[in-house]
Each structure stands twice: as structure tokens, then as C-alpha cells.
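Structure assessment
What follows is the residue order along each chain.
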Amino acid sequence: MHGTAFSHVDFYMHLLWGSSDDHSSESAITSDLEMRTLMEGELENMRKLLFILLAAMTISIIVACADSSDSTGSDTEQNDSAAQGDADQNDSAQGELEEIIDNLLSNELLVPLGDIPVPDDNPMTEEKLLLGQTLYFDTRLSGNDEVSCMNCHLPELGYGERRATFEKFGGGDGPRNSPTVINAGYYTLNFWDGRADSLEEQALGPIENPDEMNMSLDELIPKLQAIEGYEDMFIAAGFEDGITAENIGKAIAAFERQIVVTDTPYDQFLKGERDALSEQEIRGLNLFAGKAACITCHQGENLSDNQFYNIGLDNDDEGRFAITGDETDKGAIRTAGLYGITHTAPYMSDGSIETLEEVIDYYDRGGDGHPNTSPLITELNLTDDEKADLLAFLKVLGGEPPIFTKPEMPGTE
Ligand code: HEC
Ligand code: HEC
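Attention in this report is confined to the structure presented alongside it. (Residues numbered from 1 in each chain as written. Chains lettered and ligands numbered in written order. Predicted model: local features only at pLDDT ≥ 70, side-chain atom pairs only at ≥ 80, totals over all residues.)

1. So, the overall build of the chain
Each helix and strand in the chain was counted, giving 14 helices and 2 strands. Put simply, the chain has 413 residues, and 33% of those count as buried. (Helix = DSSP H or I, 4+ residues; strand = E, 2+ residues; numbered from the N terminus. Buried ≥ 20, exposed ≤ 12 C-beta atoms within 10 Å, placed from the backbone.)

2. So, the site of ligand 1
Every one of the 27 residues lining ligand 1 counts as a neighbour, but Cys-149, Cys-152, Asn-190, Phe-191 and Pro-206 are closest to it. Secondary structure elements with two or more residues in the shell around ligand 1: α5 (149–152), α6 (199–208) and α9 (245–256). Counting residues per element, the shell around ligand 1 draws most heavily on α6, at 5 residues. Partitioning the shell around ligand 1 into residue classes produces 17 nonpolar, 6 polar and 4 charged. (Near = placed C-beta within 6 Å. Nonpolar A, V, L, I, M, F, W, Y, C, P; charged D, E, K, R; others polar.)

3. Description of the site of ligand 2
Near ligand 2, the surroundings consist of 26 residues, among which Cys-294, Cys-297, Ala-336, Tyr-347 and Ser-349 are the closest. Broken down by element, the shell around ligand 2 gets its largest block of residues, 3 residues, from helix α13 (residues 356–364). For the shell around ligand 2, the residue count by class is 20 nonpolar, 6 polar and no charged.

4. Some points on the nonpolar core
Core analysis: the biggest nonpolar cluster contains 58 residues, and Ile-182, Ile-252, Phe-288 and Tyr-339 have the highest contact counts within it. Broken down by element, the residue count for this core peaks at 6 residues, all from α9. Viewed by domain, this core spans two of them, domain 2 (126–256) and domain 3 (265–396), each represented by three or more residues. Apart from residues no more than four positions distant in its own chain, Ile-182 is found in contact with Gly-158, Tyr-159, Ile-259, Val-260, Val-261, Tyr-339, Gly-340 and Pro-401. Among the nonpolar cores identified, the runner-up in size contains 12 residues, and Trp-192, Phe-308, Leu-313 and Ile-353 belong to it. (Core = buried A, V, L, I, M, F, W, Y, C linked by C-beta atoms within 7 Å. Domains from an automatic or database assignment. Contact = placed C-beta atoms within 7 Å.)

5. Details of the environment of Leu-105
Along the chain, Leu-105 falls in helix α3 (residues 75–105). The exposure class assigned to Leu-105 is partly exposed, which follows from the 13 C-beta atoms found within 10 Å. Sequence separation between Leu-105 and Gly-272 is 167 residues, and the spatial gap between their C-alpha atoms is 7.5 Å.

6. Re helix α14 (residues 384–396)
Between its first and last C-alpha atoms α14 spans 19 Å; for 13 residues at 1.5 Å apiece the expected length is 18 Å, and the two agree. Listed as buried for α14 are Asp-389, Leu-390, Phe-393, Leu-394 and Val-396. Viewed end-on, α14 has its buried residues packed into an arc of 150°, placing them on one side of the element. Each element contacted by the buried residues of α14 is listed here: α10 (265–270), α11 (279–288) and α13. (Expected span 1.5 Å × (residues − 1). Arc of directions from axis to C-beta.)

7. What about the packing of α13 against α14?
Taken N-terminus to C-terminus, the directions of α13 and α14 make an angle of 125°; their axes are 10 Å apart at the nearest point. As the angle between them shows, α13 and α14 are arranged oblique. Of the two elements, α13 crosses α14, and the hand of that crossing is right-handed. For the pair formed by α13 and α14, the contact residues are Leu-356, Glu-357, Ile-360 and Asp-364 on the first element and Lys-387, Leu-390, Leu-391 and Leu-394 on the second. Classifying every residue of the contact of α13 with α14 by side-chain character gives 5 nonpolar, no polar and 3 charged. (Axes fitted to C-alpha atoms, helices over the stretch in contact; angles between N-to-C directions. Parallel < 35°, antiparallel > 145°, perpendicular 65-115°, else oblique. Left-handed = near helix turned anticlockwise from the far one by under 90°.)

8. Digging into unusual backbone geometry
Residue Pro-346 follows Ala-345 across a cis peptide bond; omega there is -5°. Among the secondary structure elements, Pro-346 is positioned in the loop between β2 (333–334) and α13. In this structure, Leu-303 takes a positive phi of about 55° despite not being glycine. Following the sequence through the fold, Leu-303 ends up in the loop between α11 and β1 (308–309).

As C-alpha cells, then:
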């Protein structure tokens, strides 16, 4: 489906985890992780030993200097040696940071985001992109001519909306938060529970959903055919068979693949620009990949492993269970990618968390105690400084999503 999606990350993950089917077993993940940690551990230990040796040598030199200046009793010399001590301290702080950077740059789970995968059978031509944009904003795709994709995925709200869960077609709150469209084309499966295989398939869901746009595709096709200019737009977009459900899905999906945040300072950093991130942001990334263990799930391209976990939210969403029927999937949701994250509050599939600060507090306390919480979610014991560092890193991923506006609609003068 995703023509070019099989990147070296997938390959690496394959080596690392075995077949992707193994992922659902969390105990397998844990033991694989332990293996990896063991191997990395040995290297890490050697590095630490070297570091300790160096540090010991530096300290003994400082002590020797201090001793000799004491014996002469001269103030100026004492000041000199104090200054020397400061310089050494700065050097070692700098050395420590360099070591953190080296470790981060060699971490295979941190991968700069490449181009969005485009299926071979749905190339992004200019005419198709305009058609997709038109359909995205066209309220006539709904049963009451009032709802378009834009109603719940607003460009100026990070292609999500500022409410916990969506408003149903007939009024009232829907069961889930409207996720962002930003970078949705990088996922291997769409929707919070992964029930759509592609953006092409996903796009038709909300049109037919009685709670969302409430328009049967059988009625929609003749309705669009009757609007002057639409059929021509489909033909111009390369759809020889004109207006069909499949072509509607393809055009909207192609349009959505432009809605991306890429090349953030985080990506530039991973490509070797060591000063693309500030010291605080680097410390935050180091926590993300270390003590805070976010990388266990938010890893690889787009910072999602495309697997499903129950992170312990206090709700009764069935999650992935609805698709697999597997008890262990109760409340399991696909790992969210984190690009564009500053634009897409509120957070989580139930929209229950308002800010990124609160997201960090949530993970810090080890979730809210759902009975099926993944064993990978545990208390983190982050200090306030560490929380601030982690937040600084998350903000780096925000970027600036492109803003698309409603184009001229066919059939309206
Ligand atoms: C009434 C609100 C509403 C409307 C209208 C709506 N959506 Fe959504 N959209 C949602 C909700 C809620 C979800 C998550 C549903 C779920 O996962 O069960 C979603 C999921 C998605 C996703 C999946 C993102 C991901 O992370 O995998 C995409 C893409 C998307 N919508 C695009 C569209 C498009 C295109 C349209 C118009 C054809 C549309 N939506 C119309 C509310 C809406
Ligand atoms: C066990 C896997 C796992 C770990 C560990 C994990 N996450 Fe998540 N994360 C998820 C899943 C799954 C979701 C989607 C949950 C939902 O929406 O119900 C998510 C959602 C999020 C969201 C909200 C995204 C959105 O668009 O609403 C943020 C932000 C986030 N995680 C950040 C972090 C940070 C920071 C850490 C480390 C402190 C972390 N995650 C650790 C799996 C994980």
C-alpha cells in the first residue's frame, strides 16, 4: 500500500524485534529491550570507565596545583588556580554534553523524517491536489450540506479541533477526539485504533459515518455528478472513470499528504547539525530517549512505532480490541506521532489532556490506572528541571504546518 514506506527503519525494526507480528506481545518487547539494553550496556560501561579514569586524573592534577599554591601562600596564585578549576569544570560539562550528543546521534531509534510515502497508484499531481483540497472543504459531501472534513480538522487548529471529542452530526459529544491530519500519511494504519489501511480508505469513513457527515456514497456520487464542473475536475486529475468513491478517497488522500511537518530542528540535529538544538532541548531529547523512555513507543520515523498500547487513560474505549478481539488489546491505541504537537491540543484519543505539561505529568505518574495498562508505562520520577527539559524538546517538534484554505467551489458562481 505504501509504495516507498519500507525504509531502513522498518528493516532495522525487523532485525530488532523479529517479525512485526511479535509486537503485540509486550513481554516479548520487554525481553528484546532487555537484550538490547544489555548489549548497549557493555559499551556504555566501557565508556563510563574511561570517563571515570579521565575524571580521576583531572581531579588529582587540580589537587596537586592547589597544594602547591597553598604552600607559597600567595593570593594571586590561589586565584589563578581557582580560575583553572572553573575552566576544567566548564571543559568537563562541555565534554559531557558532547558525549550525550554522540550517544543520541548513534541511537538507531532516532531517525530524521524522510519524504512522506506516496502509493504508486496515487501520484500527487497538481490537478489532483486541487481536487482533493476542494473535496476536503466541500460541505456538500455531507447529508445536510453543512459538514466538511474541515469542520473537525481545522487548518488553523493544527488540523484537529479544540474540543475533547467531536460533535456528532445530530448533536452531542462523539466518543473520540478528532486527531490531527498532520503527518497522518506516515502511519502504516489510520484512525486511533488503526482500523483503516490507508488515507485513501480512511477518507471515505467520515463521509458515510452517520455521526460525522452522514452521506451514503451511493447518493454522493450522483449528487457530485450533478454539480457543474466536478466531473471535469476528476478527469483533469487523471481519473478516467470520473467521479467514483475510490477516486474521491484518492484525491482527498493526495491532498492530505501535503499536510506535513518535517525538517524540524530535531531532524536537522539528527542529520548532524549539532547546534540545531539548544542545550536544554538536547537534555530533553536525552530524557526522551533515556530516563523518560518515551522512545520505547515514540521511535523511528515520525516518532511512532505504529503499534498499539494501553497507556492507562481512565476511559472505557475498547481501542484495538474492537478490531482484533484480543483481550490484551482492550483500550490499546496506536502510538501517536509527535510532529506538529504544539498545534494539536487537547491530547489523547479521548482528548482528556489539555496541555503538554499535563501530558508529561501524566506519564510521570505512570498513567491513570486503567486495569489493562501496558507494563511499559511506569512512574518516571522526573524532577521539575527534567520535566522542563522534556517539554522544551517536545516543543521543537511543533514546526509550522502549511495552512490550506477553502478553494473556489465548482457549481457556485
Ligand atoms: C464530525 C467530525 C469529523 C469529520 C466531519 C471528519 N472527521 Fe476525520 N476524524 C474525526 C475523528 C473523531 C477521528 C478519529 C476516529 C477514530 O479514530 O475512531 C477522525 C480521524 C481522521 C483521520 C485519521 C488520522 C490518524 O491519525 O490516523 C484522518 C486522516 C481524518 N479523520 C480525515 C478526515 C477527512 C479527510 C474528512 C472528510 C472526508 C474527515 N476526517 C471528516 C472527526 C471527523
Ligand atoms: C507504551 C508506549 C508509550 C510510551 C512509553 C509513551 N507513549 Fe506517548 N503515546 C502512546 C500512545 C499509544 C499514545 C496515544 C494514546 C491515546 O491517544 O489514547 C500516545 C500519545 C502521546 C501524546 C499525545 C499525542 C496526541 O496527538 O494526542 C503525547 C504528547 C505523547 N504520547 C508523549 C509521550 C512522552 C513525552 C512520553 C515519555 C514521557 C511518552 N509519550 C511515552 C504510547 C506511548
